[in-house]
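These are the residues of each chain, in order.
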Amino acid sequence: MERPLGNLLGLKHQQVRQLERLYRRKVPPGELVTPELARQLTEISWDLHRQVGLLVDRTGAVACVIVGDAKGLLIPELPRMRGVKGRLKGLRLIHTHLDGSPLSHDDLMDLALLRLDAVAALTVNPGGLPGAVEMAHLLPQAEDGRNWTILKADHVTRLKVDFDMLVTSLEEELARVGRADGDAGRERAILIGVSGKNRAAAEDSLAELTELAQSAGLAVAAAILQQRPRFDPRFLMGKGRLSELVIQALQAGSDLLVFDAELSPSQVRSITDFTELKVIDRTQLILDLFAQRARSREGKLQVEMAQVKYLLPRLRGRDDALSRLTGGIGGRGPGETRLEIDRRRLQERLQRLQEELNRVRAERRVRRGLRRRHRLPVLSIIGYTNAGKSTLFNALTHAAVPAEDRLFATLDPTSRRLRFPREREVIITDTVGFIRNLPKNLLEAFKATLEELEDADLLIHVIDLSNPRFEEQMAAVDHILASLGLTDKPVLKVFNKLDRVDPRLAALQARLHQGVAISALDPATLPPLLTRLEDQVSQVAQTIGLHHWAPTPEA
Ligand SMILES: Nc1nc2c(ncn2[C@@H]2O[C@H](COP(=O)(O)OP(=O)(O)OP(=O)(O)O)[C@@H](O)[C@H]2O)c(=O)[nH]1
Ligand SMILES: [Mg+2]
């Protein structure tokens, strides 16, 4: 015999037996609750002077009997009902209200957070007979800003609802929205920007998060800017707002919330527990994106190292929420295996990664040394992600590095020789792109790759002029250069995507920064850049004593 749950303190044996007997009741599929069951509920509730509730599953069986106090009812953690397909949990809550009050705010929060099929409140009339009833269910799409609808009747027998049909069509509709065209097979995410005072900056940041999410292969179901003067330390936003998010996720067919913020491990935990959705922050999104894109041995090692370091403080033993946490978006680390979620194993993994990285890096140092001995000038192409670095690299060297309209298309550096018209050669390098607020773990991990920039004699800073945020992107790149200790390298600013902007803007920026404007897609725009590069390299070559690079009079 199943036991009633909740507030059983001080109940007589006989009363507990009565509650237990409720487990044997069955509701026919078409009905919310039978009149007899409703009367039993209100009678017991009157007798106990406590709210009594039932969770009824889709077969009509009573899954749970819960006792509250006079004012409310606490629903225990619900397991996922076996055999229930769909977005909802497959349970309805029918409970009593002793004071004749309508469905409360808490009732509606439960409806959303527990993904109930419906929540119903039965008024207990004096003497214990059932009175008016109210039932709410979620809507597959918001109507006039409302996410649920409420049906009322002055008695259960007069409530006009075919419950079976209601739930079936609700699930069908939710599934239909979740299968929106164009993003077949892609995981759907809801992005949340949380802004303090500066709204414009938060909007820009959310726009970038959207690009990051799309580059990571997510379908963005919604991007919401949440403006708050103060942040809730636990949830970042109010519980009411969070439960609205849960409904929105449900309606959008999404199980993933991506926060445009750095969430502390405990914030991820509380939001995950509260919403039962997968929760990741910007850092993890970037980590996942890097994991998808890493190709070289070293790149993969670096990314996995960053992932492990990110995960370690977020572990809390074995439990279900953790697997949501470690899942990331692709559910995979860059290595061949799924990330281990055991702390000790992770620590061992970290050590092995470090050893392997050291080996790979030693090899690279040897290569670097060889290149140094050749002593050709090195030009490194750097810049914000998606600025067009690889496109320019390909145009200059006739290489075929993948260039795509997505963030972090390139993770691994590539070098080629480039011959200038006067038969003089340089080495030119394409590198990983930069981004503002690069996660610290990633910067650490990629430091070794970026160390190659120390060998550069000239940095070619590519800027996407067509991006409305190009000025901040320039600043972010300068900031990262500074943090890498590269401020004294000569830099040539190259304003790219000339074809997409007003030529006057390009000319102005080029003049302002003594740079060059080009379109990496249009070879005809490149000769002025080549001339500038050759000039600058000549100057540099003189100062570092590369005599064969000194300008020759006959040339
Ligand atoms: N219209 C236009 N598009 C360009 C130009 N240069 C590059 N692109 C496009 O911009 C996108 C990004 O180019 P990439 O060369 O991959 O950029 P990247 O800087 O290497 O990017 P990451 O490696 O991802 O950091 C691609 O879709 C290019 O086709 C240009 O001059 N004009
Ligand atoms: Mg690239």
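Everything below is about the structure printed above this text.
Residues numbered from 1 in each chain as written. Chains lettered and ligands numbered in written order. Predicted model: local features only at pLDDT ≥ 70, side-chain atom pairs only at ≥ 80, totals over all residues. Heavy atoms only, no water.

Asker: Tell me what's going on with the packing of helix α5 (residues 199–215) against helix α8 (residues 282–293), and back it up with residues and numbers.
Answerer: Look at α5 against α8: their axes get within 9 Å of each other, and the N-to-C directions meet at 35°. Every pair of crossing elements has a handedness; the one defined by α5 and α8 is left-handed. From α5, Glu208, Leu209, Leu212, Ala213 and Ser215 reach across to α8, where they touch Arg282, Leu285, Ile286, Leu289 and Gln292. Each residue belonging to the contact of α5 with α8 can be placed in one class, and the counts come to 6 nonpolar, 2 polar and 2 charged. (Axes fitted to C-alpha atoms, helices over the stretch in contact; angles between N-to-C directions. Helix = DSSP H or I, 4+ residues; strand = E, 2+ residues; numbered from the N terminus. Left-handed = near helix turned anticlockwise from the far one by under 90°. Contact = heavy atoms within 4.5 Å. Nonpolar A, V, L, I, M, F, W, Y, C, P; charged D, E, K, R; others polar.)

Asker: Talk me through the sheet that holds strand β12 (residues 378–383); I want residue IDs and the actual numbers.
Answerer: Taken in spatial order, the 6 strands make up an open sheet running β13-β14-β12-β15-β16-β17, and their pairing is mixed. Whereas interior strands pair on both sides, the edge strands pair on one side only; in this sheet they are β13 (414–419) and β17 (516–517). Against the sheet, helix α14 (residues 470–483) engages β12, β15 (458–464) and β16 (491–496), with an angle of about 155° to β15. (Pairing = 2+ DSSP bridges.)

Asker: Tell me what's going on with the site of ligand 1, and back it up with residues and numbers.
Answerer: Close to ligand 1 lie 23 residues, the nearest being Lys389, Thr391, Ala409, Thr410 and Asp499. Note that an oxygen atom of ligand 1 is positioned 3.1 Å from one of the backbone N or O atoms of Ala387. Between an oxygen atom of ligand 1 and a main-chain N or O atom of Gly388, the distance comes to 2.9 Å. Contact with the protein chains covers 91% of the free accessible surface of ligand 1, which is 650 Å². Of the pockets mapped on this structure, ligand 1 occupies the second largest pocket. With 3 residues, helix α12 (residues 389–397) is the single largest residue contributor to the shell around ligand 1. A per-class count over the shell around ligand 1 returns 7 nonpolar, 9 polar and 7 charged. (Near = heavy atom within 4 Å. Polar contact = N/O pair within 3.5 Å; in protein donor to acceptor, adjacent residues only side chain to side chain. Areas by Shrake-Rupley, 256 points an atom, 1.4 Å probe, with all protein chains shown as cover. 1 Å grid on protein atoms, 1.4 Å probe; cavity = no way out; pocket = protein on both sides within 12 Å on 5 of 7 lines; lining within 4 Å. Sits in = over half its atoms within 2 Å of the grid points.)

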